[in-house]
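# A closer look at the structure
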Amino acid sequence: MKKTSETSKKSPSPSSSAFASEKRDSWKMFNRLAKKYDLANRVLSLGMDHGWRLRAAKYLPEKEKLCIIDVATGTGDFIIAFEKYNDRVERFIGVDLAPQMLEIAAKKFLQYPDIYPKASLRLADAQDMPFKDGMADVVSMGFGIRNVPNTLLGLKELHRILKKGGKAMILEFALPRNIIHRFLFLFYLRVMVPLLGFVVSGDFRSYYYLTKTVAEFPSNDEFMNLMKEVGFHQCEQHVFFPGGISLYCGYKP
């Protein structure tokens with residue numbers, strides 16, 4: 001667990017991001033990839049992505065009747081990872097800007113009778129969600145925050161829709177701190193991911209874009225500084241894999 005106190009000076013914004021225009025239209029890319037998205041995730045993560053979400057789900061607060069809003073829900077895998085803790089959850093809401101991804105999520109939820117009656121899906125932008133202030137006990141986000149054009153605005157929205165005492169759980173790629181692990185991670189990311197993505201989906205450009213978003217996105221202490229900047233307290237980083245995956249948690253005071 002790492003904690004920092006100094007606010008980052010590299011707060012991402014649409015004007016400073018090299019991929020701003022691509023990020024704004026990334027929902028179109030995810031629409032194209034939707035039918036093969038889950039398969040590509042299994043292949044590119046070497047079958048580990050489901051386990052990362054299950055591990056993250058263990059950090060769900062020990063409370064009852066939770067309302068969980070899963071932002072950038074995609075095909076709903078993070079919500080499905082919470083199934084084990086379903087008895088604590090009163091309501092699941094999945095939010096995404098790609099309608100094709102939401103269609104797949106809706107079909108997947110039908111296979112989970114403990115989730116389906118409690119789940120709803122909304123087509124919405126992570127930077128401007130149609131929810132009242134303080135609605136959620138938990139906001140989760142799995143591998144989506146780096147595709148939000150304005151990271152700070154996205155974090156502010158997560159903070160806004162949380163109740164006081166609510167918890168944010170953001171699962172994302174992070175550059176390993178260990179030099180050797182970082183070298184191996186970046187090699188796989190920059191060389192193997194676009195190639196395997198092309199083999200599985202036939203789309204090289206999209207997976208090359210995704211590798212760039214991982215490499216340029218603030219991680220570790222820098223990302224926790226951004227969380228603190230928008231008002232999250234007790235920020236923690238839980239490192240999965242050999243440093244390449246992190247769960248960032250923070251509370252709304």
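This report concerns the structure included in the present document. (Residues numbered from 1 in each chain as written. Predicted model: local features only at pLDDT ≥ 70, side-chain atom pairs only at ≥ 80, totals over all residues. Heavy atoms only, no water.)

## Brief notes about the pairing of strand E5 (residues 162-173)
Inclusion rule: One requirement defines pairing of two strands: DSSP has to find at least two bridges between them. Helical segments are the DSSP runs of H or I of at least four residues, strand segments are the runs of E of at least two, and each set is numbered from the N terminus. Look down the strands so they point away from you; if the path from the first strand over the helix to the second goes clockwise, the crossover is right-handed.
Two strands pair when backbone bridges link them, and strand E4 (residues 136-142) and E5 are joined in this way by 6 bridges, in the parallel orientation. Across the sheet, the residue bridging to Gly 142 is Leu 171, located in E5. Chirality of the crossover, the property in question, places the unit of E4, helix H6 (residues 151-161) and E5 among those that are right-handed. Strand direction decides the pairing type here: E5 and strand E7 (residues 245-251), joined by 7 bridges, are antiparallel. Looking at the pairing, Ala 168 lines up with Gly 250 of E7.

## Here we look at the environment of Ala 20
How we decide: Each residue is placed in one exposure class: buried if its accessible area under a 1.4 Å probe, protein chains only, is under 20% of its type's maximum, exposed if it is over 50%, and partly exposed if it falls in between.
Here Ala 20 shows up in helix H1 (residues 20-24). You can call Ala 20 buried: its relative accessible area is 7%. Put simply, Ala 20 and Asp 137 are 117 residues apart on the chain and 30 Å apart in space, counted from C-alpha to C-alpha.

## A few points about a nonpolar patch on the surface
The cut-off we apply is this: Nonpolar side chains (Val, Leu, Ile, Met, Phe, Trp, Tyr) within 5 Å and like charges within 9 Å form the patches, drawn only from residues with over 30% relative accessible area and no salt bridge. Using a 1.4 Å probe, accessible areas were evaluated by the Shrake-Rupley method; residue-level cover was limited to the displayed protein chains. The rule for a salt bridge is simple: a side-chain nitrogen of Lys or Arg has to be within 4 Å of a carboxyl oxygen of Asp or Glu.
Where nonpolar side chains cluster on the molecular surface, the patch consists of Phe 187, Val 191, Leu 195, Phe 198, Val 199, Phe 204 and Tyr 208 and spans about 680 Å² of accessible area. The set of elements that each furnish at least two residues to the nonpolar patch consists of helix H7 (179-201) and helix H8 (204-216). The element best represented in the nonpolar patch is H7, accounting for 5 residues. Positionally, Tyr 208 belongs in helix H8.

## Points about H8
Heads up, the condition is: Here, expected helix span is obtained from the residue count minus one, scaled by 1.5 Å. The contact rule is simple, with two residues in contact once any of their heavy atoms fall within 4.5 Å.
Taking 1.5 Å as the rise per residue, H8 with 13 residues should run 18 Å; its terminal C-alpha atoms sit 19 Å apart, in good agreement. Restricting attention to buried positions, one finds in H8 the residues Ser 206, Tyr 207, Tyr 209, Leu 210, Thr 211, Thr 213 and Val 214. Buried residues belonging to H8 abut H1, helix H2 (26-44), E5 and H7.

## Structural notes on unusual backbone geometry
The phi dihedral of Ala 72 is positive, around 55°, even though this residue is not glycine. If you trace the backbone, Ala 72 turns up in the loop between strand E1 (66-71) and helix H4 (77-81). In this structure Ala 72 comes out as partly exposed when scored by relative accessible area, which is 25%. Backbone geometry at Gln 234 places phi at a positive 50°, although glycine is not the residue there. Relative to the helices and strands, Gln 234 resides in strand E6 (residues 233-240).

## Section: the layout of surface pockets
Put simply, the rule reads: A cavity, in this analysis, means grid points on a 1 Å lattice covering only the protein atoms where a 1.4 Å probe fits yet has no way out; a pocket is instead an open set bounded by protein on both sides within 12 Å along at least five of seven lines, and a residue lines either one if it has an atom within 4 Å of a point. Grid points are joined across faces, edges and corners, and a volume is the space filled by probe spheres set on the points.
Roughly 590 Å³ of volume is contained in the largest pocket. Around the largest pocket, the lining comprises 28 residues; the ones closest to its centre are Leu 44, Ser 45, Trp 52, Phe 173 and Val 193. Those elements that place two or more of their residues in the lining of the largest pocket are H2, helix H3 (49-57), H7 and H8. Of all the elements, H7 adds the most residues to the lining of the largest pocket, at 6 residues.

## Brief notes about the side chain of Glu 172
As a reminder of what qualifies: Here a polar contact is recorded for every N or O atom pair within 3.5 Å, except that within protein the pair must consist of a potential hydrogen donor and a potential acceptor, and residues adjacent in sequence are included only if both atoms are side-chain atoms.
Turning to its location among the elements, Glu 172 is positioned in strand E5. At 2.8 Å, the side chain of Glu 172 and the side chain of Arg 146 are in polar contact. Not counting chain neighbours up to four residues away, the residues in contact with Glu 172 comprise Phe 143, Gly 144, Ile 145, Arg 146, Phe 217, Gly 244, Ile 245, Ser 246 and Tyr 248.

## Digging into the nonpolar core
Rules: What we call a nonpolar core is a set of buried Ala, Val, Leu, Ile, Met, Phe, Trp, Tyr and Cys residues that are connected through their side-chain atoms within 4.5 Å.
Core analysis: the largest hydrophobic core is formed by 32 residues, its most contacted members being Ile 69, Leu 155, Leu 158, Ile 170 and Phe 223. Going through the elements one at a time, E1, strand E2 (89-96), E4, H6, E5 and helix H9 (221-229) are the ones with two or more residues in this core. Those residues in contact with Leu 155, other than ones at most four positions away along the chain, are Ile 145, Ile 170, Phe 223, Leu 226, Met 227, Val 230 and Phe 232. Residues Ala 57, Leu 60, Ile 80 and Tyr 85 belong to the second largest nonpolar core, which totals 25 residues.

## Here we look at the packing of H7 against H8
Filter applied, for reference: To obtain each axis, a line is fitted to C-alpha atoms, and for helices this fit is confined to the stretch in contact; angles are then taken between N-to-C directions over 0 to 180 degrees. Roughly parallel means an angle under 35 degrees; roughly antiparallel, over 145; roughly perpendicular, 65 to 115; everything else is oblique. Less than a right angle of anticlockwise turn of the near helix away from the far helix marks a crossing as left-handed, whereas a clockwise turn marks it as right-handed.
The contact between H7 and H8 brings their axes to 8 Å, and the two run at 155°. Considering the angle they form, H7 stands roughly antiparallel to H8. The chirality of how H7 crosses H8 is right-handed. Of H8, the residues touching H7 (which contributes Phe 185, Leu 189, Arg 190, Val 193, Pro 194, Leu 195, Gly 197, Phe 198 and Ser 201) are Phe 204, Tyr 207, Tyr 208, Thr 211, Val 214 and Ala 215.

## A few points about the pairing of E6
Pairing of E6 with E7, which is carried by 6 bridges, proceeds in the antiparallel orientation. Bridge pairing in E7 links His 238 to Leu 247. Connecting E6 to the antiparallel partner E7 that follows it, the hairpin turn spans 4 residues, and Phe 241 within it adopts a positive phi of roughly 55°.

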